[in-house]
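Structural overview
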Amino acid sequence: MKRIRVLSLTFAFVLTGLCVSAQTNATYESGKCSIDYFLGLLDRLYVDTLNFNDLAETGVKEMITTLDPHSIYTTAKDVAASREPLQGSFDGIGVTFQLIKDTINVIEVIIDGPSEKVGIQPGDKIIKVDTLNACGKHINNNWVREHLRGKKGTKVELTVQRGKKQMQFTVTRGKIPMYSINVSFMVDDHTGYIKLDRFAQTSLSEFEKAFHKLQDQGMENLIFDLRGNGGGYLNTAFQIASQFIEANKMIVYTDNFRKTGETYKSSATGLFRKGRLIVLVDENSASASEITAGAIQDWDRGIIMGRRTFGKGLVQKPVDLPNGAEVRITTSHYYTPTGRCIQKPYDDRNDYFRDISERYKHGELFSADSIDFPDSLKYKTPAGKTVYGGGGIMPDLFVPMDTTNYSYFYNELVRKSIISSYVIHYLEENRQAMKAKYPTFADFKKNFKISDKMYNDLLAYASSEGVVDSTRLDFSAHLKSFVQSKQAQLDSMYSSLNDLKKMEKLDKMIKEYVTKEYEKSVKERNSEKAPKLIKTHMLFEFARNLYSYGDAYQFMLEQDKTFQQACKVMYDNRVFRKYKISSR
């Protein structure tokens, strides 16, 4: 059975009609003959009737797993959903929702979208979809997407709870944009900020729109945020990077053993080829993000700031299969202008995807000193700056991961949607009053504060939902501290084996010490860290509900050490000189 399974993986490509030139590999023809022969054997000799279409799908999926980590198979029913984020749109009703207590809460309504046109508003609760009950334990994100999305032009009847009133709306589904840039604003009078979430088909036009908006507001410098950006289209990465790099400079080149790679050079024009540029990256910046950051770093165009990127230097080509499925086949390695291949090793697939957690364990996310680059991976930029290949883009300025604000209580509030639920409840009674008092986001940001009463009301609401303040006990750490602080006393109390028969006093001492230290750590965190972080998230939720996600995100950046450091570095001439980057 094992041999049949292994061979079935191999003949999958023949069944699906995926053709490869015989010149690509000397073993191709012999492998193809073996597949054909084995396929004939199965057809003539196998004990049961076989569905070769199902067998082919299984074969392709299993075969893909033996290749590199980024060659993937997508079933026919999942192809459309997988393409949506990069294609930049989907068919639906045009709302952003959040499930709170098994109820669909409308958080944001897309401007000029189908829902806005019929009068659906943020804060509405969708309680029926056509004749189906849209509340209860059976409701999850997949259920909502399945029933609210649909072909453009189709209609859906929605029953909405608004305050104490129920209202019915007939929504005609339409094309809904999925933006790759949701946040862009002026940090100060001279510096703008743009966050790109992925490299999609529409990213260049979105970047141009955001850039011109900020330029009209006086932008001279730019903080370009690629943190958490897992990549996208290679061509889009070239287009975006080209906005920063002088004309006719190499952005990236690809290569493989067939020597069919391509070279991408910057276009004749670009939007931001002068002016100070800082690019933010982290361990989740991958692929197209690394192409863009690598080109900017290699041409000494801007400062790369943050943590070492993911390390994906492989290019995939999507290919449609006859059964409607799709395979994304890795076709090349890509290289930065200095010749760096930043693909990290992938001999072991499991180790490959555990790499980020291993970086955390080894301390790399907290200290650049734990990263070791051999001299063989050293490259020089035109200005003489040293850069490294072999496993991600190492930033010019390392910013450690910030865990000082970590709070189990805060995480539970977010994970269980306590903060967003509280804000939604509050706005049910106060939305119109708040909109009248703070008609614009600028008014809100300048004047609105989270009062002590609101904060205490949130804590009371959290408690009613079963979320109370606590933290991990970390008993072993407390016990270690106990032994160190009480060493002399313990040695005098237990000087012989006979003394170990009397442990009651020790039990009491340990309990009192650990309890005191635990309560002390909770108190310190509460008085210094937790309230500030929780109040910031409350501001974010209020702004997201009243204005937009892009506006609200500005509050989260106030707690973002990498962003805050970028704001300071932007005006530090010494840093730009150190990393050999022109100020003009």
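Structure's up top.
None of the values given here were measured: they were computed from a predicted structure. (Residues numbered from 1 in each chain as written. Predicted model: local features only at pLDDT ≥ 70, side-chain atom pairs only at ≥ 80, totals over all residues. Heavy atoms only, no water.)

**What about unusual backbone geometry?**
It is generally the case that most residues other than glycine have a negative phi and that most peptide bonds are trans. For the record, the criterion: Numbering of helices and strands runs from the N terminus, with a helix taken as a DSSP run of H or I at least four residues long and a strand as a DSSP run of E at least two residues long. Exposure is judged per residue with a 1.4 Å probe applied to protein chains only, and the accessible area is read against the type maximum: over 50% gives exposed, under 20% gives buried, and values in between give partly exposed.
The backbone of Ser-417 shows a phi angle near 60°, a positive value even though the residue is not glycine. Mapped onto the elements, Ser-417 comes out in the loop between helix H13 (408-415) and helix H14 (418-437). A relative accessible area of 15% places Ser-417 in the buried class. Positive phi is not limited to glycine here, since Lys-580 has a value of about 60°. Along the chain, the position of Lys-580 falls in the segment after helix H23 (573-578). With relative accessibility at 41%, the residue Lys-580 sits in the partly exposed group.

**Remarks on the environment of Pro-337**
Summarising the element assignment, Pro-337 is placed in the loop between strand E18 (326-335) and helix H11 (349-353). The exposure class of Pro-337 is buried, given its relative accessible area of 18%. Sequence-wise, Pro-337 and Asp-452 are 115 residues apart; in three dimensions their C-alpha atoms are separated by 54 Å.

**Some thoughts on the packing of aromatic side chains**
As a reminder, the rule being used: Only rings of Phe, Tyr and Trp enter the pairing, Trp through its six-membered ring, and a pair is recorded when the two centres are within 6.5 Å. The plane angle decides the type: under 30 degrees is stacked, over 60 is edge-to-face, the rest tilted. Only Lys NZ and Arg CZ are tested; either one counts as a charge over a ring when it is within 6 Å of the ring centre and within 35 degrees of the ring normal.
By the definition in use, this model includes 29 aromatic pairs. Measuring from ring centre to ring centre gives 6.5 Å for Phe-244 and Phe-272, while their planes differ by 90°; the resulting arrangement is edge-to-face. One end of the pair, Phe-244, is in the loop between helix H9 (234-242) and strand E13 (250-255); the other, Phe-272, is in the loop between strand E14 (263-265) and strand E15 (277-281), and 28 residues separate them in sequence. By relative accessible area, Phe-244 is classed as buried at 0%. Under the relative-accessibility criterion, Phe-272 is labelled buried at 4%. Arranged with centres 6.4 Å apart and planes meeting at 90°, the rings of Tyr-346 and Tyr-352 form a pair that is edge-to-face. Three or more aromatic residues joined by ring pairs make a cluster, and in this case those are Tyr-422, Tyr-426, Tyr-438, Phe-441, Phe-444, Phe-448, Tyr-461, Phe-542, Tyr-547 and Phe-555. Between the NZ or CZ atom of Lys-344 and the centre of the ring of Tyr-352, over which it lies, the distance is 4.8 Å. Above the face of the Tyr-455 ring, Lys-535 is positioned so that its terminal group lies 5.3 Å from the ring centre.

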